[in-house]
Amino acid sequence: MADGAGEGQSGDSPWWQDLTPRDIVQRAARGGVALLPLAAIEQHGEHLPLSTDLDIANGLVAAALPRVRADVPVCVLPPLAVGLSLEHTGFAGTLSMSPETALAVLGEMGDSVARAGFRRLVLFNSHGGNKALVDLAALKLRAAHGMLVVRANYFRFALPSGVLDADELRHGLHGGALETSMMLHLVPHAVRREALGDFRSLGVNMAADGCLLGPEGEAGFGWMAQDLHGSGATGNAQGASAALGARLVDHFAARLAQLIDEAHDFDLAQLKPVPR
Ligand SMILES: [Zn+2]
């Protein structure tokens with residue numbers, strides 16, 4: 001056992017910034033998986049705080065870590081709290097980077113992870129507006145460093161059937177039953193219960209009219225949050241409950257833990273050399 005790496009000491013911490021350079025090198029050499037949580041600080045209507053996506057990302061990571069296989073060395077980077085939230089800038093309190101800045105920041109975080117010797121990076125995203133950013137950054141980092149970069153959006157993880165009704169699952173994108181339930185479980189004091197409502201999205205009406213076109217339909221369009229509902233939220237927050245939140249957190253955390261294990265087990269020889 002290396003100096004300072006005894007059980008229960010800080011060298012065993014899953015948090016990147018608790019470690020020393022030597023810890024990092026050892027973790028990387030054991031096929032370490034770096035996990036970068038990506039979130040947003042943005043409006044979620046009047047019933048949820050600006051920190052909702054960050055709270056959910058942190059809550060899912062904390063719930064996933066104890067389920068990661070014991071032989072998988074994982075290092076959780078400090079979350080990128082602020083993301084790409086242009087669609088929410090019509091509401092006070094939203095913080096947003098430009099797409100260009102966000103891509104540069106994510107790229108430079110990935111460069112730093114690669115420089116530390118890590119070849120496996122999981123981008124763990126909790127905000128829909130960051131999806132395109134995650135896709136672009138993953139490809140750029142793969143091309144630049146030959147590393148495995150996982151594009152993990154928790155809200156794209158499959159749910160067991162019957163957990164949420166199909167309409168809510170499809171249209172309750174923002175501050176609806178899904179996010180509000182997880183917040184009721186993770187940070188109950190942060191939910192303004194008197195402001196819970198049923199924020200029916202424009203997308204519900206367009207789908208009911210049989211349109212292919214919808215905000216996130218078969219063919220989507222660029223939208224601002226106020227286009228979907230004047231409150232800034234979409235979905236039925238009144239259908240939320242702490243019990244549902246506990247079930248959702250448990251489910252998503254199990255999937256995230258499995259994904260971290262799979263990133264560790266992934267054969268990097270499957271990523272072929274890029275001619276220079
Ligand atoms: Zn959100």
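Owing to the predicted nature of the structure, the values given are computational and were not obtained by experimental measurement.

As for helix α1 (residues 21-29)
Argument step 1. Looking at α1, one finds that the buried residues are Asp23, Arg27 and Ala28. Looking straight down α1, one finds its buried side chains confined to an arc of 130 degrees; they lie on one side. Within α1, the exposed residues directed more than 90 degrees away from the buried face are Pro21 and Ala29.
Argument step 2. Buried residues along α1 sit against β2 (74-76).

Some thoughts on the pairing of strand β4 (residues 148-153)
Argument step 1. When strand β3 (residues 120-125) meets β4, the two strands line up parallel, connected through 6 bridges. For Phe124, the partnering residue across the bridge sits in β4 and is Ala152.
Argument step 2. Chirality of the crossover, the property in question, places the unit of β3, helix α4 (residues 131-145) and β4 among those that are right-handed.

Structural notes on α4
An α-helix turns once per 3.6 residues; consequently, residues spaced three or four apart project the same way.
Argument step 1. For α4, which comprises 15 residues, the first-to-last C-alpha distance of 21 Å matches the rise-based estimate of 21 Å (1.5 Å per residue) to within 8%.
Argument step 2. Burial in α4 covers these residues: Leu133, Val134, Ala137, Ala138 and Leu141. Each buried residue of α4 sits inside an arc of 125 degrees when the element is viewed along its axis, so together they form one side. In α4, the exposed residues that point more than 90 degrees away from the buried face are Leu139 and Ala143.
Argument step 3. Buried residues belonging to α4 abut β1 (33-38), α3 (99-115), β3 and β4.
Argument step 4. Phi turns positive one or two residues past the end of α4, at Gly146, with a value near 60 degrees.

Remarks on the packing of helix α2 (residues 52-64) against helix α9 (residues 242-265)
Argument step 1. One way to put it is that α2 packs onto α9 with a least axis distance of 8 Å and a crossing angle of 65 degrees. Between α2 and α9 the crossing geometry is right-handed. Facing α2, whose interface residues are Gly59, Leu60, Ala63 and Ala64, α9 presents Val249, Asp250, Phe252, Ala253, Leu256 and Ala257.
Argument step 2. Per-class residue counts for the contact of α2 with α9 are 8 nonpolar, 1 polar and 1 charged.

A short note on the confidence of the model for the protein
Detailed reading of predicted coordinates is not advised where the pLDDT is low.
Argument step 1. When pLDDT is averaged across the protein, the result is 95; 97% of the residues are at 70 or more.
Argument step 2. Counting contacts from residues 1-7, a segment whose pLDDT is below 50, to residues more than four positions away or on other chains yields 7 contacts.

Considering the nonpolar core
Argument step 1. If you look at the biggest cluster of nonpolar residues, it comprises 66 residues, and the most contacted ones within it are Leu35, Leu60 and Leu123.
Argument step 2. No other element matches α9, which puts 9 residues into this core.
Argument step 3. Those residues within four positions of Leu60 in sequence are excluded, and the remaining contacts are Tyr154, Val249, Phe252, Ala253 and Leu256.

What to know about the pairing of β1
Argument step 1. A large share of β1 lies buried, amounting to 6 of its 6 residues.
Argument step 2. Both faces of β1 are covered, namely the face carrying Val33, Leu35 and Pro37 and the face carrying Ala34, Leu36 and Leu38.
Argument step 3. Inspection of the sheet shows β1 paired to β2 by 3 bridges, in the parallel sense. In the strand pairing of β2, Val33 is matched with Val74.

So, how was this worked out
Residues numbered from 1 in each chain as written. Predicted model: local features only at pLDDT ≥ 70, side-chain atom pairs only at ≥ 80, totals over all residues. Buried ≥ 20, exposed ≤ 12 C-beta atoms within 10 Å, placed from the backbone. Helix = DSSP H or I, 4+ residues; strand = E, 2+ residues; numbered from the N terminus. Arc of directions from axis to C-beta. Contact = placed C-beta atoms within 7 Å. Pairing = 2+ DSSP bridges. Right-handed = clockwise from strand over helix to strand, strands pointing away. Expected span 1.5 Å × (residues − 1). Axes fitted to C-alpha atoms, helices over the stretch in contact; angles between N-to-C directions. Left-handed = near helix turned anticlockwise from the far one by under 90°. Nonpolar A, V, L, I, M, F, W, Y, C, P; charged D, E, K, R; others polar. pLDDT = per-residue confidence, 0-100. Core = buried A, V, L, I, M, F, W, Y, C linked by C-beta atoms within 7 Å.

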